[in-house]
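Working through the structure, step by step
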There are 2 protein chains.
Amino acid sequence: MKQKAIFYHAGCPVCVDAEQKLLGVIDPNRYEVDVVHLGEQKDRIAEAEQYGVKSVPALVLDGKAYHINFGANLSDLK
Amino acid sequence: MKQKAIFYHAGCPVCVDAEQKLLGVIDPNRYEVDVVHLGEQKDRIAEAEQYGVKSVPALVLDGKAYHINFGANLSDLK
């Protein structure tokens, strides 16, 4: 069974670049990535916060947030 | 032929965690990861700087730096 990863972004240039590069290296045989645009899916901001996401782009692996460079604060997306 | 990725770290807790989690999701069939401890290999700090690495842990993909959370500034490793 594939493990789930969540990539939170907001469509910003830093986000798009991270999505293209970083998600591209993930092993598709082992991981399934849920890509969430928090600007369009504001109802999932609370979920992202629960994982400890402070800014986007961020990748959540095993429930833990990994912030990748910096695009925008989560607070600015509300 | 495998593409090369470089993971720069300094043995810090944030670095170790990122190494274990993030490097674990990389597709081993397509990527070969060079793991560099900049505290022990100070001669490679200049190389990391050229890629735009400002802090560790950082992953370099296609010559571009992706900072993952924050462990330590590169300037503090010199």
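Structural data are supplied above this passage.
An account of the accompanying structure is given in this report. (Residues numbered from 1 in each chain as written. Chains lettered and ligands numbered in written order. Predicted model: local features only at pLDDT ≥ 70, side-chain atom pairs only at ≥ 80, totals over all residues. Heavy atoms only, no water.)

1. Brief notes about the overall build of chain A
To be explicit about the condition: In DSSP terms, a helix is any run of H or I states spanning at least four residues, a strand is any run of E spanning at least two, and both are numbered starting from the N terminus. Two things to know: the radius of gyration comes from C-alpha atoms, and the globule rule equals 2.2 Å times the number of residues to the power 0.38. Buried, partly exposed and exposed residues are distinguished by accessible area as a fraction of the type maximum, computed with a 1.4 Å probe on protein chains only: under 20%, between the cut-offs, and over 50%, respectively. It only takes one pair of heavy atoms within 4.5 Å for two residues to be counted as in contact.
Per the secondary structure count, chain A includes two helices and four strands. Reading chain A from its N end, one meets helices and strands in the order β-α-β-α-β-β. Whereas a compact globule of 78 residues would reach a radius of gyration of roughly 12 Å, chain A reaches 12 Å, a difference of no more than 12%. Considered along the principal axes of its C-alpha atoms, chain A spans approximately 35 × 25 × 20 Å. Relative to its full complement of 78 residues, chain A shows a buried share of 47%. Partitioning the contacts of chain A with sequence separation of at least 6, the portion at a separation of at least 24 is 61%.

2. Thoughts on the relation of the copies chain A and chain B
Put simply, the rule reads: Copy-to-copy superposition: least squares on the C-alpha atoms, limited to residues that have pLDDT of at least 70 in both copies.
Overlaying chain A with chain B gives an RMSD of 0.0 Å, the required rotation being 180° about an axis along which the chain moves by 0.0 Å. Here the two chains are linked by the operation of a two-fold rotation axis. Within chain A, D27 of chain A has its C-alpha nearest the rotation axis, a separation of 1.9 Å.

3. Things to note about the nonpolar core
Worth spelling out the cut-off: Buried Ala, Val, Leu, Ile, Met, Phe, Trp, Tyr and Cys residues that are joined via side-chain atoms within 4.5 Å together make up what is termed a nonpolar core.
Ranked by size, the top nonpolar core spans 24 residues in total, and within it L59, L61 and I68 of chain A together with L59, L61 and I68 of chain B carry the most contacts. Secondary structure elements with two or more residues in this core: β1 (3–9), α1 (13–25), β3 (55–61) and β4 (64–73) of chain A together with β1 (3–9), α1 (13–25), β3 (55–61) and β4 (64–73) of chain B. Look past the residues within four positions of L61 of chain A in its chain and what remains in contact with it is A5, Y31 and Y66 of chain A together with K21, L22 and V25 of chain B.

4. Looking at the pairing of strand β2 (residues 31–37) of chain B
All names here are of chain B. Applied cut-off: A pair of strands is considered paired only if DSSP assigns at least 2 bridges between the two. When the strands point away from the viewer and the connection leading from the first strand across the helix to the second strand turns clockwise, the crossover is called right-handed.
Where β1 lies against β2, seven bridges are found, and the strand directions are parallel. Within β2, the residue paired with I6 across the bridge is D34. Handedness of the crossover joining β1 and β2 through α1 is recorded here as right-handed.

5. With respect to the environment of A10 of chain A
All names here are of chain A. Topologically, A10 is positioned in the loop between β1 and α1. Using a relative accessible area of 19% as the deciding quantity, one classes A10 as buried. What A10 contacts, discounting residues up to four positions off in sequence, is C15, H37, V56 and L77.

6. Some thoughts on the state of the cysteines
Residue and element names in this part refer to chain A. Which entries qualify depends on this criterion: Count a disulfide wherever a pair of cysteine sulfur atoms falls within 2.5 Å.
Summed over all chains, the structure comprises two disulfides over all chains. Two residues share a disulfide in this structure: C12 and C15, whose sulfurs sit 2.2 Å from each other. Disulfide C12-C15: the torsion about the S-S bond is 70°, which places it as right-handed. For C12, a relative accessible area of 14% translates into the label buried. On the basis of relative accessibility, which here comes to 0%, the residue C15 falls in the buried class.

7. Some thoughts on the interface of chain A and chain B
The test is simple: As a working definition, buried area equals the accessible area (1.4 Å probe) given up by two parts on being put together, with both sides summed. We define a salt bridge as a side-chain nitrogen of Lys or Arg found within 4 Å of a carboxyl oxygen belonging to Asp or Glu. For the purposes of these results, a polar contact is taken to be a pair of N or O atoms within 3.5 Å, where, inside protein, one atom must be able to donate a hydrogen and its partner to accept one; residues adjacent in sequence count only when each atom of the pair is a side-chain atom.
The interface is formed by 21 residues belonging to chain A together with 21 residues belonging to chain B. When chain A packs against chain B, the two sides together hide about 1800 Å² of surface, and 53% of this comes from carbon and sulfur. It is K21, V25 and Y66 of chain A in chain A that bury the most area against chain B; as a group they hold 33% of the surface buried on that side. The interface formed by chain A and chain B includes two salt bridges. Our count for the chain A to chain B interface comes out at 14 residue pairs in polar contact (both at pLDDT 80 or more). Of all elements in the fold, only α1, β3 and β4 of chain A reach the threshold of two or more residues within the side of chain A that touches chain B.

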